[in-house]
Amino acid sequence: MIAFLNADCTLRQKADIVTLIEREGLRVHVDRIEGTEIIGVVGKDPGRLAAVIAAMPGVREVRRMSLPYALVSLDYHPERTVVKVGRARFGGGKPVVIAGPCAVESEAQIQRTARIVAERGALMLRGGAFKPRTSPYSFQGLGAEGLRLLADAGKATGLPVVTEVVDSDDVGLVAEHADMLQVGARNMQNFSLLRAVGRQARPVLLKRGMMATIEEFLLAAEYVLEGGNPLVVLCERGIRTFERATRNTLDIAAIPYLKERTHLPVIADPSHACGVRSLVIPLARAAIAAGADGLIVEVHPRPEEALSDGPQALRPDDFARMMAEIGLGGPRPEA
Ligand code: PEP
Ligand code: MN
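Presented here is a report on the structure given in the accompanying data block. This structure is a prediction, so every number in the text was calculated from the model and none was measured.

Okay, the packing of helix α6 (residues 191-198) against helix α7 (residues 214-226) next. Where α6 meets α7, the axes come as close as 7 Å, and the angle between the chain directions of the two elements is 40 degrees. Viewed along their axes, α6 and α7 adopt a mutual orientation that is oblique. Crossing hand, α6 versus α7: right-handed. Contacts between α6 and α7 involve F191, L194, R195, V197 and G198 on the former and, on the latter, A220, Y223, V224 and E226. Split into classes, the residues belonging to the contact of α6 with α7 amount to six nonpolar, one polar and two charged.

Moving on: the sheet that holds strand β4 (residues 59-63). Taking strand neighbours across the sheet as the criterion, the four strands line up as β2-β3-β1-β4 in an open arrangement whose pairing is antiparallel. The strands lining the two open edges of the sheet, one partner per strand, are β2 (27-33) and β4. Between one strand axis and the next, the sheet turns through 25 degrees on average, direction left out of account. Where strand β1 (residues 2-5) and β4 come together, four bridges link them in antiparallel fashion. Across the sheet, A3 pairs through a bridge with V62, a residue of β4. Helix α1 (residues 11-23) contacts β1, β2, β3 (36-42) and β4 of the sheet and is inclined by roughly 15 degrees relative to β3.

Two elements in contact, helix α3 (residues 107-119) and helix α4 (residues 144-157), have axes whose closest approach is 9 Å; the angle formed by their N-to-C orientations is 35 degrees. Handedness of the α3/α4 crossing: right-handed. Residue-level inspection shows E107, I110, Q111, A114, R115 and A118 of α3 in contact with α4, the latter providing L149, L150, D152, A153, A156 and T157. Considering only residue class, the contact of α3 with α4 consists of seven nonpolar, two polar and three charged.

Moving on, we come to the site of ligand 1. Surrounding ligand 1, one finds R126, K131, E164, Q182, G184, A185, R186, K207, R237, H272 and E298. K207 places a polar side-chain atom, nitrogen or oxygen, 2.9 Å from an oxygen atom of ligand 1. Contacts to ligand 1 include R237, whose side-chain N or O atom sits 2.6 Å from an oxygen atom. Protein chains bury 96% of the 300 Å² of accessible surface belonging to ligand 1 in isolation. In the shell around ligand 1, the residues fall into one nonpolar, three polar and seven charged.

Those protein atoms acting as donors to the manganese ion (ligand 2) are C102 (SG), H272 (NE2), E298 (OE) and D309 (OD), and they sit at 2.0 to 2.4 Å. The sequence pattern formed by the donor residues of the manganese ion (ligand 2) is C-x169-H-x25-E-x10-D. Of this pair, C102 sits in the loop between β7 (96-100) and α3 while H272 sits in helix α9 (residues 270-274), and the two are 170 residues apart along the sequence.

What counts as what
- Residues numbered from 1 in each chain as written.
- Chains lettered and ligands numbered in written order.
- Predicted model: local features only at pLDDT ≥ 70, side-chain atom pairs only at ≥ 80, totals over all residues.
- Heavy atoms only, no water.
- Axes fitted to C-alpha atoms, helices over the stretch in contact; angles between N-to-C directions.
- Helix = DSSP H or I, 4+ residues; strand = E, 2+ residues; numbered from the N terminus.
- Parallel < 35°, antiparallel > 145°, perpendicular 65-115°, else oblique.
- Left-handed = near helix turned anticlockwise from the far one by under 90°.
- Contact = heavy atoms within 4.5 Å.
- Nonpolar A, V, L, I, M, F, W, Y, C, P; charged D, E, K, R; others polar.
- Pairing = 2+ DSSP bridges.
- Near = heavy atom within 4 Å.
- Polar contact = N/O pair within 3.5 Å; in protein donor to acceptor, adjacent residues only side chain to side chain.
- Areas by Shrake-Rupley, 256 points an atom, 1.4 Å probe, with all protein chains shown as cover.
- Donors = N, O, S within 2.8 Å, 3.2 Å for Na, K, Ca; no water.

Pasting the structure below:
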C-alpha cells in the first residue's frame, strides 16, 4: 500500500503516519514517485490501515496494491535501479557481460580466462569457489583458496568479480574477496542466506530457482531488499520442464515480464539454461533481444579439461563471436 503525501505535509504529520504504521507492526519505506513524496507500507496485510491513513492530515491519497511484493515492484519504485559494479552498470542501458569459468580450478586457469574475457569485452569475471554440486562426489570448488585466486585474477585484469555464496556463515568471507555475491538457483529460497546477503553491502546476483515461479523469484529478491540491500540483479537461468534435450528451458518471456514488474535489472544465463555449447550464442542473442540488461556466460580456455560444466563452456573464439553477435564485440573500451 502506498500513501501519497500532500506537498505541504509537515514533518510532524509525517512522523505521526510513520508511528501509526510501525505501531501496527508494519514497516515504512519513504520514497518519491513522480515528484510526490510517498510512504510505502510493507508487511502483512497493510490494506487494513488504508482507511485510517487516508483520513490522516498530510495524506493526499492511499493506493492499495494487490501484489504480494512491494520493495522490488516497479509500482512502488518507478525509477529503475542501476546496479554499479566497477565499470559495469546493470540496467544502465548497455548490456553488461559477465564471463568466466564455472569453477576456479587453478591460478593458471583463472588468470588465463580472465585475460581472455577482459580482452574480448567482458566487464566482470565469474568463477565458482564454493560449488553447489548435485553429487557429493563431484568437484566442490577450491573454497577460500578459490576466492583468493579469483580476486587476484580480477585485480590483474581490472575486472570486478562475482562468485557464489552457498552458506550464510560464508557471506562475510565471500564479501571480503568478491565485488558481487551470487545466490544460486538451488538457494533461491534459502531464506537465511537471502537475509544474510541482505544485511551486507555488496550487490547481489540472484538466480531464479529451477522450480521457482516468477512471483517466488520476486519474493526472494524482496527478502534481500527487505534486509536492507537494494542492489539486486535478477538472473533468468532456465527452469526445469519436461524437456530433456536441454539442461533447462530458458524462460525468455520471464525477461520482459520481470521488466514490466520490477525496477531491478534482469540478466540471463544462457549457459546453464541449455547446457550445450552450440546453443549458448543463439540463447544469448534471444535474451538480449528480449530486453535483458546483460548476460552471465561460462568460458573456459580448454572446456574438455574443465572440472565442471565443460560441455556448456564457450571457447575463447566462441566468446568473441558471441560478443560480436550481440553488438559488443571489438576492443575493450578505455576506462
Ligand atoms: C553457476 O552459475 O555456477 C551455477 C551453479 O548456476 P545456477 O545456480 O544457475 O545453477
Ligand atoms: Mn556452471
